[in-house]
Every structure is written in C-alpha cells, then in structure tokens.
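The lines below spell out each chain.
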Amino acid sequence: MSNRKNPTRGTASESRFSVMEFMAEFPDDDACLAHLWRTRYSPDGEHALCPKCGVERIFHKYSNGDGRQSWTCTHCGRHVHPTAGTIFHKSSTSLHLWYYALFLITSTRCGISAKQLERELGVTYKTAWRMFNVIRNSLMSQDNLSVVLSGDVEMDETYLTRKRRLSDGPGQHGRSLNERVVMGAVQRQGQVVVKYVPAANMIEASRLARVHLLPSTTIFTDEFRIYDSLEGLEVAAHYRINHSAKVYVDGDVHTQTIEGFWSLVKGGLRGVYHSVSTKWLQSYLDEYAWRYNHREFTPRVRGVKRVPVGEAKFRLLLALAARPVR
Ligand SMILES: [Zn+2]
C-alpha cells in the first residue's frame, strides 16, 4: 500500500530525487544562498576564513539596503558574498531559479531543452537558453584533455546531418557537405571522450588516440581505413571488426559500446535539441559525455546504499557551481 504523505520513488526513475524533496531542501533564495555560503566558505554556517584577518572568524549574515546579502566578519567587518565569481554572479535570475534549473537538467536521463526550461522556470526563452549555455559551458564541459582511457577502448566516428537545403550538392563519397563528423573513444565500463572534428581522416583518428589512450590500451575499431593510422601507435593491440562483411560482434571484437553512445547522442539531438548549430556542437557533445561519464560515479559497494544517479549528478553540479568560474 502506498502512502500518499510519504511517497516512495520508483526505482526506474533516473532522478529519484523528487521535485518535492528539492523544494523541501531549497524552498527559496535564502536557502540557496545559505547552501552556497556553506559549500564555498563555511561548513558550519558560522565560521569561515576571513580574507582580511587571515584567520578563521565568526561571520554573521548581513543584508544591505539593495537587498543583496553577504556574510560579515564580526572582527573586522569584511563582507563576503557567496555568489561572487560564480556563474550566479550578477545574474538577474534568482538563485532559486538557477538551483531549480540545475535540478531539472540532472533529473532527466537524456537532457532537457531550453524550451522545456523556459516553461518550467517561467522565464523567457532567451534567459532559459543563456542559463543552459552557462551551465553547459562552465560546469559540464569536460576538460577534454584530462580524460585518459586504457583497457578495452572502442573508437569510432559518426556523422550528424544538418537539414539540407536544395542548393547543397552532395559532398565527397556521396556524403552531404552538411554532414558534421564526430569522433569518439570509449573505455568499456569506463569513460567516453568525444570530439567534433573537421574531417574523418587518419590525422584526426591518430590524434584522438595519442591524446587520450594509454599504451596499455587494446583498441577496437571497424575496418574503415582511417584507423590504419593506429597501427603505428604504441598500444597493446588493435582488433578490427569487419562491418562491410556484416559482422558486428566477434567475441570481444565489436564497437557496440561506442555505437550505444552515438545513439544516445543522436536520439538526444533529435528529440531534445532538434538542431544544433556548429558553433555549439562541441558543447552539446560535452554535455552528453558528462552525463555518460557520471552515469554511475558512486561505485557499488556491498552493504552501502548508493546515492541515486540523478541526485548524485545534481549534487555534483551544485559543487561545481560553487566554484568561481575560471
Ligand atoms: Zn575579518
């Protein structure tokens, strides 16, 4: 029997951190600001390192005339603003809406569009789009160079087509000129790295491998000749699946993991974003890589309750948002 006053969350839900729970923890701007204060400066909400005194002091919350709140050192009077330097700094959007946007973005499996964000937040489309862009570019853009893969790694490329105009002729090899090439590498049971590249060629394939793969890697690709360039690399082994002979899996030799990631990206771009301009394509790819790379970042430990994935992502985004923007 379910209890209406204390609803249980479905186990299949990506979030399992409901909007009711979000609102209970973050009911208004003050709650969000206090959370930011504690996350950035003061774990107990009262003591913090005073930048002027140079030692830990007691701080009191202080509201100035224009309603802007800060915490003030009770010894020297120095004000500390929790939002200073973060993505929330000088934003005309309330902190509560920002937090709600972070919640919404992490509570869906495949992402949410600026259009949905506009409806949910009750802000203009332009504002929703800008918030999303900041969240994606400041918080979700993986530091691409820092992803290092090893073990069993699948590499592949995919083509994302823009809407064609009649005036566009076909490109080389029958491909549309408007096709954009994306290359990726995924470690089985591990992380993915994904790049929008100017062309599918040997140089790009070998660059991706050189930058992101350790020498202990076993690479799996199909037989497309651009992956010939990997033969000269110092890796453990390179196995190729013969897709042209309609072989897709031969024991360990397959590229099903990266193909699964491509279908996530393509489904998402179709369903959520409809069309993505070339300028922002890498940032959308980064968002998908971020979601994929944090799909299970709380490891399974026997006897320990795991934090639901959606909630864990939300907490991670909050922690990232509490850092000053570089
Ligand atoms: Zn002080």
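Shown above is the structure to which this text applies.
Residues numbered from 1 in each chain as written. Predicted model: local features only at pLDDT ≥ 70, side-chain atom pairs only at ≥ 80, totals over all residues.

Participant: So what exactly am I meant to see when it comes to the overall build of the protein here?
Facilitator: For the protein, the helix and strand inventory stands at 9 helices and 11 strands. Counting every position in the protein, which comprises 326 residues, the buried fraction comes to 26%. In the protein, once contacts between residues fewer than 6 apart in sequence are set aside, the share between residues at least 24 apart is 55%. (Helix = DSSP H or I, 4+ residues; strand = E, 2+ residues; numbered from the N terminus. Buried ≥ 20, exposed ≤ 12 C-beta atoms within 10 Å, placed from the backbone. Contact = placed C-beta atoms within 7 Å.)

Participant: Please clarify how helix α9 (residues 309–321) should be interpreted in this entry.
Facilitator: Counting along an α-helix, one turn takes 3.6 residues, and residues three or four places apart therefore face a common direction. For α9, built from 13 residues, the straight-helix expectation of 18 Å at 1.5 Å per residue is met to within 8% by its first-to-last C-alpha distance of 18 Å. Among the residues of α9, those classed as buried are V309, G310, E311, K313, F314, L317 and A321. Elements in contact with the buried residues of α9: α3 (95–106) and α5 (125–140). (Expected span 1.5 Å × (residues − 1).)

Participant: How should I be thinking about the packing of helix α2 (residues 29–40) against α3 in this particular structure?
Facilitator: The relative placement of two packed helices comes down to the angle between their axes together with the axis-to-axis distance. Look at α2 against α3: their axes get within 8 Å of each other, and the N-to-C directions meet at 75 degrees. Accordingly, the angle class assigned to the pair α2 and α3 is roughly perpendicular. The segment α2 lies against α3, with D29, C32 and L33 engaging L95, H96 and Y99. (Axes fitted to C-alpha atoms, helices over the stretch in contact; angles between N-to-C directions. Parallel < 35°, antiparallel > 145°, perpendicular 65-115°, else oblique.)

Participant: Please explain the sheet that holds strand β2 (residues 56–63) as it appears in this structure.
Facilitator: Each strand in a sheet pairs with its neighbour through backbone hydrogen bonds, running either in the same direction (parallel) or in the opposite one (antiparallel). On the basis of which strands lie adjacent, the open sheet formed by 4 strands has the order β1-β2-β3-β4 and antiparallel pairing. What marks the edges here is a single partner per strand, and that holds for β1 (47–49) and β4 (79–80). One ladder, built from 5 bridges, connects β2 with strand β3 (residues 69–73); its direction is antiparallel. Looking at β3, one finds that F59 is bridged to C73. (Pairing = 2+ DSSP bridges.)

Participant: Help me understand the sheet that holds strand β7 (residues 192–197), please; the structure alone is not making it clear to me.
Facilitator: One open sheet accounts for 5 strands, arranged β7-β6-β5-β8-β9; its pairing is mixed. Because the sheet does not close on itself, it has two edges, and the strands there are β7 and β9 (237–241). The average undirected angle you get between the axes of adjacent strands in this sheet is 25 degrees. Bridging between strand β5 (residues 152–161) and strand β8 (residues 218–222) involves 3 bridges; their strand directions are parallel. Across the sheet, residue E154 finds its bridge partner in β8, namely F220.

Participant: I'm lost on the nonpolar core in this one. Help?
Facilitator: The tendency in soluble globular proteins is for nonpolar side chains to be buried side by side. If you look at the biggest cluster of nonpolar residues, it comprises 31 residues, and the most contacted ones within it are W98, Y99, A101, L102, M131 and I135. With 8 residues, the top contributor of residues to this core is α3. The contact partners of M131, leaving out residues within four places of it in the chain, are T93, W98, A101 and L117. Grouped together as the second largest cluster of nonpolar side chains are 27 residues, M155, A205, I258 and V265 included. (Core = buried A, V, L, I, M, F, W, Y, C linked by C-beta atoms within 7 Å.)

Participant: Where do I start with the environment of L214 in this structure?
Facilitator: Along the chain, the position of L214 falls in the loop between α6 (202–212) and β8. In this structure L214 comes out as partly exposed when scored by C-beta crowding, with 14 C-beta atoms within 10 Å. The residues contacting L214, other than those within four sequence positions of it, are V148 and S150.

Participant: For this particular structure, what's the right way to read unusual backbone geometry?
Facilitator: Across the chain, the bulk of peptide bonds are trans and the bulk of non-glycine residues have phi less than zero. Positive phi outside glycine occurs at K90, with the angle close to 60 degrees. As for its position among the elements, K90 is in the loop between β4 and α3. K90 sits in the exposed class, given 7 other C-beta atoms within 10 Å. Here K246, not a glycine, exhibits a phi torsion of approximately 60 degrees, which is positive. Position of K246 among the secondary structure elements: in the loop between β9 and β10 (249–250).

Participant: Please explain the pairing of strand β6 (residues 179–187) as it appears in this structure.
Facilitator: Taken residue by residue, a regular strand's side chains alternate between the two faces of the sheet. Bridge analysis of β5 against β6 gives 9 bridges, and the strand direction is antiparallel. Bridging across to β6, Y159 finds its partner in V181. Hairpin connection of β6 to β7: 4 residues between the antiparallel strands, including Q189 at a positive phi of 65 degrees.

Participant: Quick question: what am I supposed to make of the pairing of β7 here?
Facilitator: For β6 and β7, the ladder comprises 6 bridges, and the chain directions are antiparallel. Bridged to A185 within β7 is V193.

Function-wise, these values are silent; they only describe arrangement.
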